[in-house]
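A look at the structure
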Amino acid sequence: MGRESGASDIEIKVQGMRGDDDLNTAVSPFPASQPPRRRPPPEHRPFQRWTPWLVPAFVLANLVVFAVIMYENDCPKTFLGDCVAVFLGRFAFQPLKENPLFGPSSSTLEKMGALDVRKVVHEHQGWRLISCIWLHAGVIHVLANMLSLLLIGIRLEQEFGFARIGLLYAISGFGGSLMSALFIKSSISVGASGALFGLLGGMLSELLTNWTIYTNKCAALFTLVLIIAINLAVGVLPHVDNFAHIGGFVSGFLLGFVLLIRPHFGWVAQKNAPPGYHATPVKHKHKLYQYILWIIAAILLIVGFTVGILMLFRGVNANDYCSWCHYLSCVPTSIRSCSSSTISCLSSQEGNSLNLMCGGNKRARSYLLPNATEAQIEELCSQLCS
């Protein structure tokens, strides 16, 4: 960048001849007339760049909701065991044996809107399919998801704007919740992972449908597929709802063909050709294959969501129609079983003491808990049988 000249500048002209010992210097109090300096042309961008604000707002909202959940949980008051980080007061965490992610109890999450299929189907609480996207099981869970959201979402919002990325995030999250509800019947589910996998799916379909405008296509495709495969493989770990991941990814992949379509390279080159350059005329903004993918993806989305919602509210268990699908979310090992046995306990209240015995492992324990509520008994039973 250069500095502009002012009226106080002094111009010094130096003219030297071979063999001359003197310098003929002419000094003028006024600057010589110079051609005006032209500013360099702005960086050419064929597509509009957006200032991201929605993704940071989503991150802030998730953190605020988690703080509210921890305040409502109030471990020192509601749980008589050893809470973690008691110095935090109401924000102390449940015992790590119960929640290794440094978070609230499952009963608090259920109370605040976690995905519970029984409540969705039998108590008509369909809003839980959306509310569970904004809840997280612990500090580790929420920080990992929010970091991923910033890394993935900021770039997408810059490229496509808040409206399309907001729809992609929300609808993918709903798709993940819907698939989770169809396959997981015995436990609750929370987290924004389905929506995050939707963003990854949208990135993949966007790369495919806008193939002609990218360079290093194969390298980008290989890297993206590798990242998605690794994240889906992590979903078979304990306490991870991989059905939400898969449902969110499939929803986002199809939505990417619909929401993230861009004009093909020939049309962009023609529109942004410099003056005097005659580009080959291009009539159509998009390629034929882009229109075909758009139509197919839209049909699959509408049919998939319609069938899924009907199956859910009719109480259909998708595992009855896919005997191997449970391996997508759980791989049995010698130390871990994937059977979804129902947890039950025998309970008796004797004065201020609550006596529990797990029906599965036959473990028994007494708690100093007068007038225990049903939610407290279920929570203690879950700990005893785990």
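As recorded in an unreviewed UniProt entry, the protein chain goes by RHOMBOID-like protein and comes from Musa troglodytarum. Looking at the Function (unreviewed entry) heading of the UniProt record, one finds this comment for the protein chain: "Serine protease involved in intramembrane proteolysis." If you open the UniProt record of the protein chain and go to Subcellular location (unreviewed entry), you find "Membrane".

**Details of the confidence of the model for the protein chain**
Looking at the protein chain, pLDDT values average 83 and 78% of them are 70 or higher. Predicted confidence for residues 2-30 stays below pLDDT 50, and this span has 22 contacts to residues more than four positions away or in other chains.

**Notes on the pairing of strand β3 (residues 345-350)**
When β3 meets strand β4 (residues 353-358), the two strands line up antiparallel, connected through 6 bridges. Across the sheet, L346 pairs through a bridge with M357, a residue of β4. The turn joining β3 and β4, which pair antiparallel and follow one another in sequence, is formed by 2 residues; a positive phi near 65 degrees is taken by G351.

**Details of the state of the cysteines**
Under the definition given, this model contains 2 disulfides. Linked covalently through their sulfurs, C322 and C325 form a disulfide whose S-S length is 1.8 Å. Note on the C322 and C325 pair: the S-S dihedral is about 80 degrees, so by sign convention the disulfide is right-handed. Classification of C325 by relative accessible area gives buried; the value is 7%.

**Let's talk about the UniProt feature "transmembrane region" (unreviewed entry) in the protein chain**
Following the UniProt record, the feature "transmembrane region" (unreviewed entry) maps to residues 53-71, 133-154, 166-184, 190-211, 218-237, 243-261 and 291-313 here. Summarising residues 133-154: 73% helix, 0% strand, and an end-to-end C-alpha distance of 19 Å. What you have in residues 218-237 is 85% helix and 0% strand, and the ends, taken at the C-alpha atoms, are 30 Å apart.

**Topic: the packing of helix α1 (residues 54-73) against helix α6 (residues 139-160)**
For the pair α1 and α6, interaxial distance at closest approach is 8 Å and the crossing angle is 170 degrees. On the basis of the axis angle, α1 is roughly antiparallel to α6. Contacts from L54, V55, P56, F58, V59, N62, L63 and F66 of α1 reach α6 at V139, V142, M146, L149, L150, G153, I154 and E157. Its residues assigned to classes, the contact of α1 with α6 comprises 13 nonpolar, 2 polar and 1 charged.

**Some words on the packing of α6 against helix α7 (residues 162-183)**
Axis separation between α6 and α7 bottoms out at 7 Å; the angle between their running directions is 140 degrees. Put simply, α6 runs oblique to α7. Contacts between α6 and α7 involve L149, L156, E157 and F160 on the former and, on the latter, F162, R164, I165 and Y169. A breakdown of the residues in the contact of α6 with α7 according to their chemical character gives 6 nonpolar, no polar and 2 charged.

**Brief notes about the side chain of H141**
If you trace the backbone, H141 turns up in helix α6. With near-sequence residues (within four places) excluded, H141 lies in contact with L101, H136, V190, G191 and S193.

**Focus: the pattern of salt bridges**
According to the stated counting rule, one finds 7 salt bridges in the structure shown. A salt bridge links E159 to R49, with the nearest nitrogen and oxygen atoms 2.3 Å apart. Placement of E159 in helix α6 and of R49 in the loop between β2 (24-28) and α1 is noted, with a sequence separation of 110 residues between them. Note that K119 and E123 form a salt bridge whose closest N and O atoms lie 3.9 Å from each other. By sharing partners, the salt bridges in this structure join R49, E159 and R262 into a single network.

**A short note on the packing of aromatic side chains**
Per the stated rule, a full pass over the model turns up 10 aromatic pairs. Taking 5.9 Å as the distance between ring centres and 50 degrees as the angle between the ring planes, the aromatic pair formed by Y71 and F91 counts as tilted. Within this pair, whereas Y71 is found in helix α1, its partner F91 is found in the loop between α2 (75-78) and α3 (106-112), the two being separated by 20 residues in sequence. The partly exposed category is assigned to Y71, whose relative accessible area is 42%. Arranged with centres 6.2 Å apart and planes meeting at 55 degrees, the rings of W134 and Y169 form a pair that is tilted. A residue pair is termed long-range when its members are at least 10 positions apart, and W134 in the loop between α5 (128-131) and α6 and Y169 in helix α7 qualify at 35 residues. Among the aromatic residues, ring-to-ring pairing joins F58, W134 and Y169 into one connected group. In this structure, R90 is placed above the aromatic ring of Y71, and the distance from its NZ or CZ to the ring centre is 3.9 Å. Lying across the ring of F160, R262 places its NZ or CZ 4.4 Å from the centre.

Cut-offs used in this document
- Residues numbered from 1 in each chain as written.
- Predicted model: local features only at pLDDT ≥ 70, side-chain atom pairs only at ≥ 80, totals over all residues.
- Heavy atoms only, no water.
- UniProt positions renumbered as here; feature names shortened; annotations may be inferred.
- pLDDT = per-residue confidence, 0-100.
- Contact = heavy atoms within 4.5 Å.
- Pairing = 2+ DSSP bridges.
- Helix = DSSP H or I, 4+ residues; strand = E, 2+ residues; numbered from the N terminus.
- Disulfide = S-S within 2.5 Å.
- Buried < 20%, exposed > 50% of the residue type's maximum accessible area, 1.4 Å probe, protein only.
- Axes fitted to C-alpha atoms, helices over the stretch in contact; angles between N-to-C directions.
- Parallel < 35°, antiparallel > 145°, perpendicular 65-115°, else oblique.
- Nonpolar A, V, L, I, M, F, W, Y, C, P; charged D, E, K, R; others polar.
- Salt bridge = Lys/Arg side-chain N within 4 Å of Asp/Glu carboxyl O.
- Phe/Tyr/Trp six-rings, centres within 6.5 Å; stacked < 30°, edge-to-face > 60°.
- Lys NZ or Arg CZ within 6 Å of the ring centre and 35° of its normal.

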